[in-house]
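Coordinate inspection notes
Residues per chain, in single letters:
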Amino acid sequence: MTIDRNFPIGEPVLEVKNISLRFGGVKAITDSSFSVLKHEIKAIIGPNGAGKSSLLNCINGIYQPQEGSIAFKGEVLEKITPNLIAQKGISRTFQNLALFKRMSVLDNILVGRRLHMNSNFMQVAFQLPKARAEEKENLIKCEEIVDFLEIADIKNTPVGKLPYGLQKKVELGRALATEADFLMLDEPMAGMNVEEKREMCRFILKVNDELGTTMVLIEHDMGVVMDISDNVVVLDYGKIIADGPPDEVRANQEVIDAYLGVSHD
Amino acid sequence: MEQKVSNNNSFMGYTRSDLTNFLIAMILSFVAIPLVVQTDYWYSSILIPWLCLALAAIGQQIVMGYAGQLALGAAGFMAAGAFACFNLILRVPDIPFFVALGLSGLVAAAFGILFGLPSLRVRGIYLMVATLASQFFIVWMIDKFGWFKNYDTSGIITAQDIVILGKPFTSPLEMYLVILVVVTVLTILAVNMARGSTGRNWMAVRDMDIAAESMGISLLKTKLQAFAICAFYCGVAGALFAFTYLKSLEPVAFDIKLSFKILFMVILGGLGTISGAFIGAAFILLFPVLLNSVGNNVFHGAIDATIISSIEQVVFGVLIIVFMIYEPLGMAKLWGNIKQRFSRNK
Ligand SMILES: Nc1ncnc2c1ncn2[C@@H]1O[C@H](COP(=O)(O)OP(=O)(O)OP(=O)(O)O)[C@@H](O)[C@H]1O
Ligand SMILES: [Mg+2]
């Protein structure tokens, strides 16, 4: 499988070591370690409340784990904040949609270009050539993303007015606009019908294939996970109980007991 | 795709309808009004305060409508700007008026940053209470230290005349034109910021701060920037208000009531639109005038003035509640809807 890929799977880029996260008495994550390889699509699965989102939030700097370390591209990250992570080239989407509701689709995606726009407010206020050129350049990039995701017809609609499935797409678009080489998607296909899911998978695979973007995604649909991921991490009660290729994980007895056995499908 | 982009942007990122609107507004305000309106009353009691307060409302709009920070203290920043301008003209020999005005805005902006700091910790109603501190602190400071009032004990200090390039601008029409120039320039700058990346950063922070941060927007920088720019606009507005409308400098003119007035202008005019600042300011200013003249002309003074002013407050209160619930985008949005309906009927 690795043979015909544009970007063959490489060395670990993200290494999470012995992370523990507690909320008061609740242990969301317990002493968990895993790594993500360059250019791979890694799925994180597990029952509700297993700690999947918390794990992403730790990597993203929204939660501060009490113990453990996170290294990205060989560098151990101290004092992680969402801002720092964005600057390091990690982008993400959120489980419960975190779009800018009153802004248009295009404006939402343009915010994703934030780190590619350096004009200060004075340059913008006076519409100096630098600000105008930058705006135009980034607008073109965003129009490309809009076309890629096939949402050109709604690009001027405020996102709050869109149905859920389209909002999920816009959020992916915003993450793509950052041009981060590491994407974390928290349940990108939740609430979608089969067709929409298939479309979303196509986008994810295409981005991974054409740009080599490393992906970490949380997904409940086992069919999707088995189809598109290179490796799967299984979480249960905040602990990692399996980590490996989909087939291997599927055959793991502990996983079957904890997750697949339960009526989750 | 290149073409698509350049088609929408006929000139420097403005659409054709932007440009026609702008042209109409310019001809109306710079040519038609000065030619048609001859009575001083219209300038000194309506147009001048309207433009000044609309400018302050733009500031409030930036921090509240765009950046989503519920701040209450616009009048405090206005006081800072007014007294800064007074002192600059008093103490700096031959300082050009527009330089003094700009510096007054910057002084207010410094206060804006200072009193915007609570926004990094608290939000909503708590932030509103915290920003109220600016209101009280600035007015207290001016009252407390005689230096700011040039040790005047009478309580009312007359504002200096506006002199530009040796020519005094003292008639209502002349003052109106000075304000109009300032308001035009600052409005264009505000529109540019609001439509550009600066405004997107503000709105992103307003709509979903955690996602904004994850896209690389610094909450600290963005919020304080919005507070600073808000205070700058309020500061300039305050200086103009004192020098052209009040014609005097008294801290009590910049009380909490004025802050609330500006807040209501923004809510009624429509949060998150620059035009809403103008519409809201017009409504808040004109409605009492209208009510009074109805009271005088229709009921021939049969209704007591105190009743009229309570009617005014009841109507404002009801309108604010109605707008908050049914049309948070305010009158600017209503106006847009009406226009849309008309163009569809054509
Ligand atoms: N901010 C928080 N405060 C307190 N407890 C939290 C917080 N966030 C998560 N938790 C708890 O941590 C545990 C893990 O939650 P998390 O959202 O990471 O699960 P998940 O695997 O993403 O579940 P789901 O599949 O439902 O999204 C849960 O018990 C949850 O209640
Ligand atoms: Mg989750």
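Assigned secondary structure in chain A consists of 10 helices and 10 strands. Here chain A has a C-alpha radius of gyration of 19 Å; the compact-globule value for 265 residues is 18 Å, and the two agree. With respect to the three principal axes, the spread of C-alpha positions in chain A is 60 × 40 × 40 Å. Summarising the internal contacts of chain A: among those between residues at least 6 apart in sequence, 68% fall at separations of at least 24. Summed over all atoms, the accessible surface of chain A reaches about 11600 Å², with 51% contributed by carbon and sulfur. The positive charge centre, built from 30 side chains, and the negative charge centre, built from 38, are 7 Å apart in chain A.

With that settled, consider the overall build of chain B. Of the regular secondary structure elements, chain B holds 14 helices and 4 strands. Over its C-alpha trace chain B gives a radius of gyration of 21 Å, about what one expects of a compact globule, namely 20 Å for 346 residues. By its C-alpha atoms, chain B is 65 × 50 × 45 Å across when sized along the principal axes. Evaluated residue by residue, chain B yields a buried proportion of 51% over its 346 residues. Look at the contacts in chain B between residues 6 or more apart in sequence, and 77% of them connect residues 24 or more apart.

Time to look at the site of ligand 1. Residues and elements named next belong to chain A. Around ligand 1 there are 14 residues in total, and Gly49, Lys52, Ser53, Ser54 and Gln95 lie nearest to it. Here an oxygen atom of ligand 1 sits 2.8 Å away from a polar atom, N or O, in the side chain of Gln95. Per-element accounting of the shell around ligand 1 gives the leading share, 3 residues, to helix 1 (residues 52–60). The class makeup of the residues in the shell around ligand 1 is 5 nonpolar, 7 polar and 2 charged.

Before going further, it helps to examine the sheet that holds strand 1 (residues 12–23) of chain A. Residues and elements named next belong to chain A. If you trace the 4 strands from one edge of the open sheet to the other, you get 2-1-4-5, paired in antiparallel fashion. Sheet topology places strand 2 (26–37) and strand 5 (75–76) at the edges, where each strand pairs with a single neighbour. Relative to strand 5, strand 4 (residues 67–72) runs antiparallel, the two being bridged by 2 bridges. Looking across to strand 5, one finds that Phe72 is bridged to Glu75. Its contacts with the sheet put helix 1 on strand 1, strand 2 and strand 4, and the angle it makes with strand 2 is roughly 65 degrees.

Residues and elements named next belong to chain A. Mapped onto the elements of the fold, Asn231 is located in strand 9 (residues 231–236). Side chain to side chain, Asn231 and Glu40 meet in a polar contact 2.7 Å long. When sequence neighbours within four positions are dropped, the list of residues in contact with Asn231 reads Leu37, Glu40, Ile41, Lys42, Ala43, Gly244, Pro245 and Pro246.

Okay, the pairing of strand 2 of chain A next. All names here are of chain A. Of the strand pairs in this sheet, strand 1 and strand 2 are connected by 8 bridges, and their pairing is antiparallel. Bridge assignment links Pro12 to a residue of strand 2, and that residue is Leu37. Linking two consecutive strands that pair antiparallel, namely strand 1 and strand 2, is a turn of 2 residues; a positive phi of about 60 degrees is found at Gly24 within it.

Attention now moves to the packing of aromatic side chains. Residues and elements named next belong to chain B. Evaluation of the coordinates by the stated rule reveals 21 aromatic pairs over all chains. Plain terms: the ring middles of Phe115 and Phe137 are 5.8 Å apart, the flat faces sit at 45 degrees to each other, and that makes the pair tilted. In this pair, Phe115 is assigned in helix 5 (residues 97–116) and Phe137 in helix 6 (residues 124–144), connecting sequence segments 22 residues apart. Relative accessible area serves as the criterion here: at 34%, Phe137 is assigned to the partly exposed category. Among the aromatic residues, those joined into a ring-pair cluster are Phe111, Phe115, Phe137, Trp140, Phe145, Trp147 and Phe148. The aromatic ring of Phe169 is capped on one face by Lys167, whose charged end is 4.8 Å from the ring centroid.

Mapping Ala175 of chain A onto the fold places it in helix 6 (residues 164–177). Along the sequence, Ala175 of chain A and Asp107 of chain A sit 68 residues apart, while their C-alpha atoms lie 13 Å from each other.

The next subject is the coordination of the magnesium ion (ligand 2). Residue and element names in this part refer to chain A. Looking at the metal site, the magnesium ion (ligand 2) is ligated by Ser53 (OG) and Gln95 (OE1), spaced 1.9 to 2.0 Å from it. Remark: Gln95 occurs in the loop between strand 6 (90–92) and helix 3 (105–111) and Ser53 occurs in helix 1; sequence separation between them is 42 residues. A relative accessible area of 29% means that Gln95 is categorised as partly exposed.

Okay, the interface of chain A and chain B next. Of the residues lining the interface, 38 residues belong to chain A; the matching set on chain B comes to 36 residues. A buried area of about 3200 Å², summed over both sides, lies between chain A and chain B, and 63% of it is on carbon and sulfur atoms. Per-residue buried area on chain A facing chain B is highest for Arg102, Arg114 and Phe121 of chain A; these three make up 19% of the total on that side. Linking chain A with chain B are 1 salt bridge. The residue Arg200 of chain B makes a salt bridge to Glu135 of chain A at a minimum N-O spacing of 2.9 Å.

For the rest of this paragraph, the subject is the domain arrangement of chain A. Residue and element names in this part refer to chain A. The domain architecture assigned to chain A consists of domain 1 (1–89 + 181–260) and domain 2 (98–179). Placing the centre of domain 1 and that of domain 2 at their C-alpha centroids yields a distance of 26 Å. On the domain 2 side, the residues contacting the 18 residues of domain 1 number 12 residues. For the pair domain 1 and domain 2, the summed buried area comes to about 1200 Å², and 72% of that belongs to carbon and sulfur atoms. Among the residues domain 1 hides against domain 2, the three largest losses belong to Leu183, Met200 and Phe203. Together they make up 34% of the total.

Rules used in this analysis
Residues numbered from 1 in each chain as written. Chains lettered and ligands numbered in written order. Predicted model: local features only at pLDDT ≥ 70, side-chain atom pairs only at ≥ 80, totals over all residues. Heavy atoms only, no water. Helix = DSSP H or I, 4+ residues; strand = E, 2+ residues; numbered from the N terminus. Rg over C-alpha atoms; globule rule 2.2 N^0.38 Å. Contact = heavy atoms within 4.5 Å. Areas by Shrake-Rupley, 256 points an atom, 1.4 Å probe, with all protein chains shown as cover. Lys, Arg positive; Asp, Glu negative; His and termini not counted. Charge placed at Lys NZ, Arg CZ, Asp CG, Glu CD. Buried < 20%, exposed > 50% of the residue type's maximum accessible area, 1.4 Å probe, protein only. Near = heavy atom within 4 Å. Polar contact = N/O pair within 3.5 Å; in protein donor to acceptor, adjacent residues only side chain to side chain. Nonpolar A, V, L, I, M, F, W, Y, C, P; charged D, E, K, R; others polar. Pairing = 2+ DSSP bridges. Axes fitted to C-alpha atoms, helices over the stretch in contact; angles between N-to-C directions. Phe/Tyr/Trp six-rings, centres within 6.5 Å; stacked < 30°, edge-to-face > 60°. Lys NZ or Arg CZ within 6 Å of the ring centre and 35° of its normal. Donors = N, O, S within 2.8 Å, 3.2 Å for Na, K, Ca; no water. Buried area = accessible area lost by both parts, 1.4 Å probe. Salt bridge = Lys/Arg side-chain N within 4 Å of Asp/Glu carboxyl O. Domains from an automatic or database assignment.

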